[in-house]
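Residue-level listing of the chains:
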Amino acid sequence: MPTSFQSSSVSRPVGVVLIALAAVLTLSACNGGRARPRLAYEERPVELLYNTGYERLQRHRWSDAVDYFQEVERQHPYSEWSRRAILMQIYAYYQNGNYEESIAAADRFIQLFPGSPSAAYAFYMRATCHFEQIVDVGRDQNQAEQALAGLRDVARRYPGSSYATDATVKIDMVNDQLAGKEMNIGRYYQRANQPLAAIGRYKAVIDNEAFQRTSHTPEALYRLVEVYLTLGLKDEAERNGAVLGYNYPGSPWYAEAYALLTEDGRTSETAPTGQRESWLRRIIPG
């Protein structure tokens, strides 16, 4: 949470303060038949609402904090207090694992205050919420793709900022995830004896400039050697083996490819500097 958004002291010793501190709670039905306490509408000094929400935030009572910040926004829309309250909702929702709600609050802030310096935080948190919802490579990668788009947007809009620095790190992680998805599909096709489809997925990793920097590139090149040898396309296998050896001479994947090519009567100008880990590495996982 940005350190600039701190609780300000209550400046008006108004009589309604004591009444507001004992605010009546009403119950509103929520999904699943359960009920959740909600603040009853009652006009209160904006400083009190905000400070109470901030106090709940400090105590990690995320849902309670959201209630107070929503009241700030509802009772004092378009004000400076409302601007701060929406930022606090973004943070509280995120901390509570309510990522979609945090994204919605970030979108609302961006729409209402696009020129605010704090918009950088909203853009960053929106991308981070997508990032936090990335699932394993065996499942749909929609969240990863949205995270990548959002993180690139942050890096482009706010270069040199701490948000851009963290976004750049996360971009590399997301690219590794998406490259892993391509590899996962490629291995599936290879197991299913669909070599052309497998080649397409492996080439998607080595031809994509962003994916080339990921941990999956050596294996993608090795798998191409495997598939091309299976198809009898020995020149293509040797060419990909040479690329693998030139760029990753110490990789176990190149040691594996070198062994395959040697067994097939092909040689490479670059001898591997790494060791084959075990014959199990040659088995396609899954």
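First things first, this report covers the structure right here in the doc. Since we're looking at a predicted model, the values are computed, not measured.

Reading guide: rules and limits
Each chain has its residues counted from 1, running along the sequence as written. pLDDT decides what is reported in this predicted model: residues at 70 or higher carry local features, side-chain atom pairs at 80 or more are listed and counted, and totals for whole chains, interfaces and linings draw on all residues regardless. Here the side-chain values reflect all heavy atoms present in the structure, with hydrogen atoms and water set aside. By the criteria applied, helices consist of DSSP H or I runs no shorter than four residues and strands consist of E runs no shorter than two, each listed in order from the N terminus. Exposure classes here rest on a 1.4 Å probe applied to the protein chains alone. A residue is buried below 20% of its type maximum, exposed above 50%, and partly exposed in between. Contacts were defined at the residue level, with two residues in contact if any of their heavy atoms lie within 4.5 Å. The Shrake-Rupley method, run with a 1.4 Å probe sphere, supplies the accessible areas, and residue values consider only the shown protein chains as cover. Buried Ala, Val, Leu, Ile, Met, Phe, Trp, Tyr and Cys residues form a nonpolar core when they are joined through side-chain atoms within 4.5 Å. For patch building, the residue pool is restricted to those with more than 30% relative accessible area and no salt bridge; the joining distance is 9 Å between like charges and 5 Å between nonpolar side chains (Val, Leu, Ile, Met, Phe, Trp, Tyr). What makes a salt bridge here is a side-chain nitrogen of Lys or Arg within 4 Å of a carboxyl oxygen of Asp or Glu, nothing more. By this rule, a helix spans an expected 1.5 Å times one less than how many residues it contains. As used in this structure description, the phrase polar contact means that two N or O atoms lie within 3.5 Å; if the pair is within protein, one of them must be able to donate a hydrogen and the other to accept it, and residues adjacent in sequence are counted only when both atoms belong to side chains. Axis lines are fitted through C-alpha atoms, for helices just across the contact stretch, and the angle between N-to-C directions can take any value from 0 to 180 degrees. Each crossing gets its hand from how the near helix is turned against the far one by less than a right angle, where anticlockwise is left-handed and clockwise is right-handed. For this scheme, ten residues count as nonpolar: Ala, Val, Leu, Ile, Met, Phe, Trp, Tyr, Cys and Pro. Four count as charged, namely Asp, Glu, Lys and Arg, and the remainder, Gly too, count as polar. The scheme is simple: roughly parallel for angles under 35 degrees, roughly antiparallel for over 145, roughly perpendicular for 65 to 115, oblique for anything else. When the centres of two rings from Phe, Tyr and Trp lie within 6.5 Å, Trp using its six-membered ring, the rings pair. Their planes under 30 degrees apart give stacked, over 60 give edge-to-face, and anything left gives tilted. For a lysine, the NZ atom is tested; for an arginine, the CZ atom; a charge sits over a ring if that atom is within 6 Å of the ring centre and within 35 degrees of the ring normal.

### Focus: the overall build of the protein
Moving on, step 1. In terms of regular secondary structure, the protein is built from 13 helices and two strands.
Moving on, step 2. When each of the 286 residues of the protein is scored for burial, the buried share is 44%.
Moving on, step 3. In the protein, the share of contacts with a sequence separation of at least 24, taken over all contacts with a separation of at least 6, comes to 56%.
Moving on, step 4. Counting every atom, the protein has about 14,900 Å² of accessible surface; 51% of that belongs to carbon and sulfur.

### With respect to the nonpolar core
Moving on, step 1. Of all hydrophobic cores here, the largest spans 68 residues; its most connected members are Leu-57, Phe-69, Ile-90, Phe-109, Leu-151 and Val-174.
Moving on, step 2. Among all residues touching Phe-69, those that are not within four sequence positions of it are Tyr-50, Gly-53, Tyr-54, Leu-57, Ala-85, Met-88 and Gln-89.

### As for a nonpolar patch on the surface
Moving on, step 1. Together, Leu-196, Leu-231 and Leu-233 give the surface a local cluster of nonpolar side chains, amounting to about 290 Å² of exposed area.
Moving on, step 2. Structurally, Leu-233 can be placed in the loop between α11 (217-231) and α12 (234-247).

### Considerations on unusual backbone geometry
Moving on, step 1. The residue His-60 is not glycine, and still its phi comes out positive at about 60°.
Moving on, step 2. Structurally, His-60 can be placed in the loop between α2 (46-58) and α3 (62-75).
Moving on, step 3. Owing to a relative accessible area of 55%, His-60 belongs among the exposed residues under this scheme.
Moving on, step 4. Of note in the backbone geometry, Asn-193 takes a positive phi value of approximately 60° without being a glycine.

### Some remarks on the pattern of salt bridges
Moving on, step 1. Summed over the entire model, instances satisfying the criterion amount to 17 salt bridges.
Moving on, step 2. Here Arg-61 and Asp-64 are joined by a salt bridge, their closest N and O atoms 2.6 Å apart.
Moving on, step 3. Judged by relative accessible area, which is 32%, Arg-61 ranks as partly exposed.
Moving on, step 4. One salt-bridge network, held together by shared partners, links Arg-187, Glu-219, Arg-223 and Glu-226.

### Focus: helix α13 (residues 252-263)
Moving on, step 1. Here α13 is 12 residues long and its end C-alpha atoms lie 17 Å apart, about the 16 Å a rise of 1.5 Å per residue gives.
Moving on, step 2. Looking at α13, one finds that the buried residues are Trp-253, Tyr-254, Ala-255, Glu-256, Ala-257, Ala-259, Leu-260 and Leu-261.
Moving on, step 3. Sitting at the amino-terminal end of α13 is Ser-251, which places a side-chain oxygen 3.0 Å from the backbone nitrogen of Trp-253.

### Quick notes on α11
Moving on, step 1. End to end, α11 covers 21 Å across 15 residues, agreeing with the expected 21 Å (1.5 Å per residue, within 8%).
Moving on, step 2. Most of α11 is tucked away: 13 of the 15 residues are buried.
Moving on, step 3. Two residues or fewer after α11 comes Gly-232, characterised by a positive phi angle close to 80°.

### A look at the packing of α12 against α13
Moving on, step 1. Between α12 and α13, the shortest axis-to-axis distance is 10 Å and the interhelical angle comes to 150°. The handedness of the crossing between α12 and α13 comes out as left-handed. Judged by residue contacts, Ala-237, Glu-238, Gly-241, Leu-244 and Gly-245 of α12 engage Trp-253, Tyr-254, Ala-257 and Leu-261 from α13.
Moving on, step 2. The residue inventory of the contact of α12 with α13, partitioned by class, reads six nonpolar, two polar and one charged.

### Comments concerning the packing of α3 against helix α4 (residues 80-95)
Two measures define how a pair of helices packs: the angle their axes make with one another and the distance between the axes.
Moving on, step 1. Two numbers describe how α3 lies on α4: the axes approach to 9 Å, and their chain directions differ by 160°. Classed by the angle they form, the pair α3 and α4 counts as roughly antiparallel. For the pair α3 and α4, the sense of crossing is left-handed. Of α4, the residues touching α3 (which contributes Trp-62, Val-66, Phe-69, Gln-70, Val-72 and Glu-73) are Trp-81, Ser-82, Ala-85, Ile-86, Met-88, Gln-89, Tyr-91, Ala-92, Tyr-93 and Gln-95.
Moving on, step 2. Here the residues of the contact of α3 with α4 sort into 11 nonpolar, four polar and one charged.

### Brief notes about the packing of aromatic side chains
Moving on, step 1. All told, the structure shown has 11 aromatic pairs when counted by the stated rule.
Moving on, step 2. Plain terms: the ring middles of Tyr-121 and Tyr-163 are 6.2 Å apart, the flat faces sit at 55° to each other, and that makes the pair tilted. Highlighted residues: Tyr-121 in helix α6 (residues 119-132) and Tyr-163 in helix α8 (residues 162-191), separated in sequence by 42 residues.
Moving on, step 3. On the basis of an interplanar angle of 50° and a centroid distance of 6.2 Å, the ring pair of Phe-123 and Tyr-158 is categorised as tilted. Of this pair, Phe-123 sits in helix α6 while Tyr-158 sits in the loop between α7 (142-157) and α8; the two residues are 35 residues apart in sequence, bridging distant segments of the chain.
Moving on, step 4. Through a chain of ring-to-ring contacts, the aromatic side chains of Tyr-50, Phe-69 and Trp-81 assemble into a single cluster.
Moving on, step 5. Lying over the aromatic face of Trp-81, Arg-84 brings its terminal NZ or CZ to 5.6 Å of the ring centre.
Moving on, step 6. Sitting above the plane of the Phe-131 ring, Lys-170 keeps its charged end 5.4 Å from the centroid.

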